[in-house]
Amino acid sequence: MDNRAEIRAFLKSRRDKVTPEQTGLPVYGNRRVAGLRRGEVAMLAGVSVEYYTRLERGSLGGVSDAVLDALARALRLDDTERGHLYDLARAARTGAARARRGAPPRTAVRAGVERMLLAMPTLPAFVTNHRFDILLANPLGRALYAPVYQDTTCDRNTARFCFLSPAARQFYVDWDQIAQTAVGALRVAAAKDPYDRELSHLIGELSTRSDAFRVMWGSHDVRVFRDGAKRFRHPAVGQLDLDHETMFLAADDRIGVAVYSAVPGSAAEDSLKLLESWAATAESPAAAEADTDR
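Scope of this entry: the structure provided in the associated data block. Nothing here was measured: the structure is a model prediction, and the numbers come from that model.

### Brief notes about unusual backbone geometry
A negative phi angle is the norm for most residues apart from glycine, just as the trans form is the norm for most peptide bonds.
Then, number 1: Phi angles above zero are rare outside glycine, and Asp155 is one such case at about 55°.
Then, number 2: Tracing the sequence through the fold places Asp155 in the loop between helix H9 (146-150) and helix H10 (158-164).
Then, number 3: Not every positive phi belongs to a glycine, and Arg156 is a case in point at roughly 55°.
Then, number 4: Relative to the helices and strands, Arg156 resides in the loop between H9 and H10.
Then, number 5: A relative accessible area of 16% means that Arg156 is categorised as buried.

### Focus: the packing of helix H12 (residues 175-192) against helix H13 (residues 197-209)
The angle between the axes and the distance between the axes are what describe a pair of packed helices.
Then, number 1: In contact at an axis separation of 10 Å, H12 and H13 are set at 145° when each is read in the N-to-C sense. Like other packed secondary-structure pairs, H12 and H13 cross with a definite hand, here left-handed. Across the interface between the two elements, Leu186, Ala189 and Ala190 of H12 pack against Leu199, Leu202, Ile203 and Leu206 of H13.
Then, number 2: Split by residue class, the contact of H12 with H13 holds seven nonpolar, no polar and no charged.

### Considerations on the pattern of salt bridges
Then, number 1: As enumerated under the stated definition, the model contains 20 salt bridges in all.
Then, number 2: Of the charged contacts, one joins Glu40 and Arg37 as a salt bridge, the two residues approaching to 3.8 Å between their closest N and O atoms.
Then, number 3: The class of Glu40 is buried, set by a relative accessible area of 11%.
Then, number 4: The shortest N-O distance in the salt bridge between Glu205 and Arg160 comes to 3.1 Å. Here Arg160 lies in helix H10 and Glu205 lies in helix H13, a separation of 45 residues in the sequence.
Then, number 5: A single network of salt bridges, built from pairs that share partners, joins Arg131, Asp133, Asp196 and Glu198.

### Points about the environment of Ala92
Then, number 1: Among the secondary structure elements, Ala92 is positioned in helix H6 (residues 79-101).
Then, number 2: Between the C-alpha atom of Ala92 and that of Ile7, which follows or precedes it by 85 residues, the distance is 9.2 Å.
Then, number 3: If near-sequence neighbours (up to four positions away) are discounted, Ala92 is found in contact with Asn3, Ile7, Leu60 and Gly61.

### Side note on helix H14 (residues 211-218)
Then, number 1: Taken residue by residue, H14 has Phe213, Met216 and Trp217 as its buried positions. Looking straight down H14, one finds its buried side chains confined to an arc of 100°; they lie on one side. Looking at H14, the residues exposed on the side facing more than 90 degrees away from the buried face are Asp211 and Val215.
Then, number 2: Check the buried side of H14 and you find it contacts H10, H12 and H13.
Then, number 3: Among the residues of H14, the N-terminal cap falls to Ser210, whose side-chain oxygen and the backbone nitrogen of Ala212 are separated by 3.4 Å.

Each value, and the rule that gives it
Residues numbered from 1 in each chain as written. Predicted model: local features only at pLDDT ≥ 70, side-chain atom pairs only at ≥ 80, totals over all residues. Heavy atoms only, no water. Helix = DSSP H or I, 4+ residues; strand = E, 2+ residues; numbered from the N terminus. Buried < 20%, exposed > 50% of the residue type's maximum accessible area, 1.4 Å probe, protein only. Axes fitted to C-alpha atoms, helices over the stretch in contact; angles between N-to-C directions. Left-handed = near helix turned anticlockwise from the far one by under 90°. Contact = heavy atoms within 4.5 Å. Nonpolar A, V, L, I, M, F, W, Y, C, P; charged D, E, K, R; others polar. Salt bridge = Lys/Arg side-chain N within 4 Å of Asp/Glu carboxyl O. Arc of directions from axis to C-beta. Polar contact = N/O pair within 3.5 Å; in protein donor to acceptor, adjacent residues only side chain to side chain.

Keep in mind these values describe shape, not function.
Pasting the structure below:
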């Protein structure tokens, strides 16, 4: 990805979202912009118009943390957006050296993590990376995500499944929310490492093949994984309303362990037990071995 173009588009998109009224600035005459002018952002951030214009053109490499904080306040960035701005600046500072090193090698899932997943037979559990590849899943996890595993064209990548598989809108009850979170998380990942070729190829593929992805990507919104609830419409057991927790590995914060659970005594708990029974009959040795190959 072009870091300078990403910086330019992100800053402009955030500037367009803030009105003078929100910042307490006076409004005079007709305005040709929906949000703030560059000069207004510069005034709010305490920098010159020329300096801010240079920043918005993509020159974040030498910017101090104090200026980044001032920009974040002026543009009313939330915590995720502020972190994204810092990631863009960090990538700009280290861009040349990082480009020479190339993409980092794939991280193997440690045996201890695999044992942890297998020790939770009553909870669907997965190991995923920042590109939404499912690196490993326990039997109940594979059963829950049966539509993802059955669609061989998505290669066990849930972002690709979400936007390119006809089954996705049926499987995810809240498809739009899932899709927007995926796009926002991919943008965060791309800002952290714009030289990850596999990630760039995935984003390029989705942008080319999915109108929905292309529109959402163009908004420049950013999101991070948070604990919460997801609703699935499973082909074998019907709707499952599950809570989920995601824990990132200390050795590599690009790798996360996601675990799903149901509220005790709920209909979802009964459905999970039914799914467990279905998984016992549907699970095949070939499917179990496939995950460990990643």
